Amino acid sequence: MAALGWLTPRRRSATARSVLAGEASAEAARKSSQEATEVSESSEAEPEFPVLGDEEAAAFFDLDNTVMQGAALFHFGRGLHKRKFFETRDLAKFAWQQAWFRLAGVEDPEHMQEARDSALSIVKGHRVAELQSIGEEIYDEYMAERIWPGTRALAQAHLDAGQKVWLVTAAPVEIATVIARRLGLTGALGTVAESVDGVYTGKLVGEPLHGPAKAEAVRALASAEDLDLARCAAYSDSHNDIPMLSLVGHPYAINPDTKLRKHARRLDWRLRDYRTGRKAAKVGIPAAAGVGAVAGGTAAAIALHRRRR
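A brief structural summary. (Residues numbered from 1 in each chain as written. Predicted model: local features only at pLDDT ≥ 70, side-chain atom pairs only at ≥ 80, totals over all residues. Heavy atoms only, no water.)

Remarks on the overall build of the protein
Logical step 1: A tally of regular secondary structure across the protein gives eleven helices and eight strands.
Logical step 2: Looking at the 309 residues of the protein, the share that counts as buried comes to 56%.
Logical step 3: For the protein, the exposed area adds up to about 13,800 Å²; of that, 51% sits on carbon and sulfur atoms. (Helix = DSSP H or I, 4+ residues; strand = E, 2+ residues; numbered from the N terminus. Buried < 20%, exposed > 50% of the residue type's maximum accessible area, 1.4 Å probe, protein only. Areas by Shrake-Rupley, 256 points an atom, 1.4 Å probe, with all protein chains shown as cover.)

Structure representation (structure tokens):
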């Protein structure tokens with residue numbers, strides 16, 4: 001078992017690749033937002049924001065073990081195996097990584113790296129549109145029943161108040177966007193896989209949207225959309241997301257691992273644990289509203305990556 005001491009947030013900082021991953025995810029999200037707006041202009045008008053119509057805030061939710069039980073990448077792998085994308089021995093590796101995740105309640109960096117490398121090799125050469133379509137099917141088959149009702153209710157409360165809600169996850173942005181749409185959320189920031197002419201190359205833009213990269217994605221989106229992070233809320237189960245949680249004025253620890261629980265209690269952050277039904281603390285919905293846009297796609301991110309060269 002790999003030592004996790006080096007992952008302690010106090011010792012980690014955003015690298016150039018983290019910044020690139022964050023900016024790529026934010027730009028991909030904004031591009032898709034503009035496209036979605038054009039499509040939905042004739043649909044029902046968006047409700048006005050409560051509390052003086054605050055348009056400088058957003059709500060950000062981690063995905064794995066915060067909104068959904070287990071890891072989205074594993075469930076996606078199950079769906080791809082069912083469709084003969086790879087062999088059974090590879091599924092066994094995915095299963096071991098998922099078992100570790102569920103038993104330990106934390107993200108092992110070695111297992112995550114192996115899962116990412118496996119996923120990239122599997123999708124290399126496939127079309128982005130193909131994986132998006134398959135993602136819809138996989139959500140129904142493996143993910144829908146694993147959504148935590150408690151966290152879903154928190155997100156819905158934001159939506160009912162006229163606030164925007166984003167997923168922020170290391171899962172591929174295409175899959176994250178499917179999940180966000182099926183839950184009725186605003187959109188998602190996720191890991192951006194490089195594609196050329198709509199075909200995956202087997203490489204990433206920057207690095208996975210994990211740890212400091214998540215914070216950089218939120219920061220980039222906030223800058224681009226003129227958001228006030230002090231008015232925003234963020235939710236996560238993992239101490240790896242302390243950089244993201246620390247960015248906002250309203251951090252929440254949901255189903256927290258041991259390190260995050262201790263950190264949250266020390267800083268008086270709100271907590272809730274849906275794994276056993278117990279309430280670590282009474283959680284209310286923050287007054288801060290949210291503004292964002294529907295995320296998805298990789299073309300804008302690739303363009304950003306090329307401009308930075």
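Examining the pattern of salt bridges
Logical step 1: Under the defined criterion, the tally for this structure stands at 14 salt bridges.
Logical step 2: In this structure, K214 and D62 form a salt bridge, with 2.6 Å as the shortest nitrogen-oxygen distance. Linking K214 in helix α8 (residues 212-225) with D62 in the loop between β1 (59-61) and α2 (72-82), this pair joins segments that are 152 residues apart in sequence.
Logical step 3: For K214, a relative accessible area of 2% puts it in the buried group.
Logical step 4: Two residues, R231 and D228, come together in a salt bridge whose shortest N-O distance is 3.2 Å.
Logical step 5: For D228, a relative accessible area of 24% corresponds to the partly exposed category.
Logical step 6: One continuous salt-bridge network, built from bridges that share partners, spans K82, R83, E137 and E141. (Salt bridge = Lys/Arg side-chain N within 4 Å of Asp/Glu carboxyl O.)

Some details on the nonpolar core
Logical step 1: Core analysis: the biggest nonpolar cluster contains 43 residues, and F61, L63, L80, M143, L167, I179 and L185 have the highest contact counts within it.
Logical step 2: The element that contributes the greatest number of residues to this core is helix α5 (residues 128-143), accounting for seven residues.
Logical step 3: Residues A215, L221, L247 and A253 belong to the second largest nonpolar core, which totals 31 residues. (Core = buried A, V, L, I, M, F, W, Y, C linked by side-chain atoms within 4.5 Å.)

A short note on the packing of aromatic side chains
Working definition: an aromatic ring pair is given by the centre-to-centre distance plus the angle between the planes.
Logical step 1: A complete count under the given rule lists two aromatic pairs for this structure.
Logical step 2: Taken together, a centroid distance of 4.0 Å and an interplanar angle of 5° make the contact between F61 and Y235 stacked. Remark: Y235 occurs in strand β6 (residues 233-236) and F61 occurs in strand β1; sequence separation between them is 174 residues.
Logical step 3: When its relative accessible area of 1% is taken as the criterion, F61 is described as buried.
Logical step 4: Relative accessible area serves as the criterion here: at 0%, Y235 is assigned to the buried category. (Phe/Tyr/Trp six-rings, centres within 6.5 Å; stacked < 30°, edge-to-face > 60°.)

A short note on the environment of A57
Logical step 1: Note that A57 resides in the loop between α1 (16-40) and β1.
Logical step 2: Taking the C-alpha atoms as reference points, A57 and Q163, 106 residues apart in sequence, are found 8.4 Å from one another.

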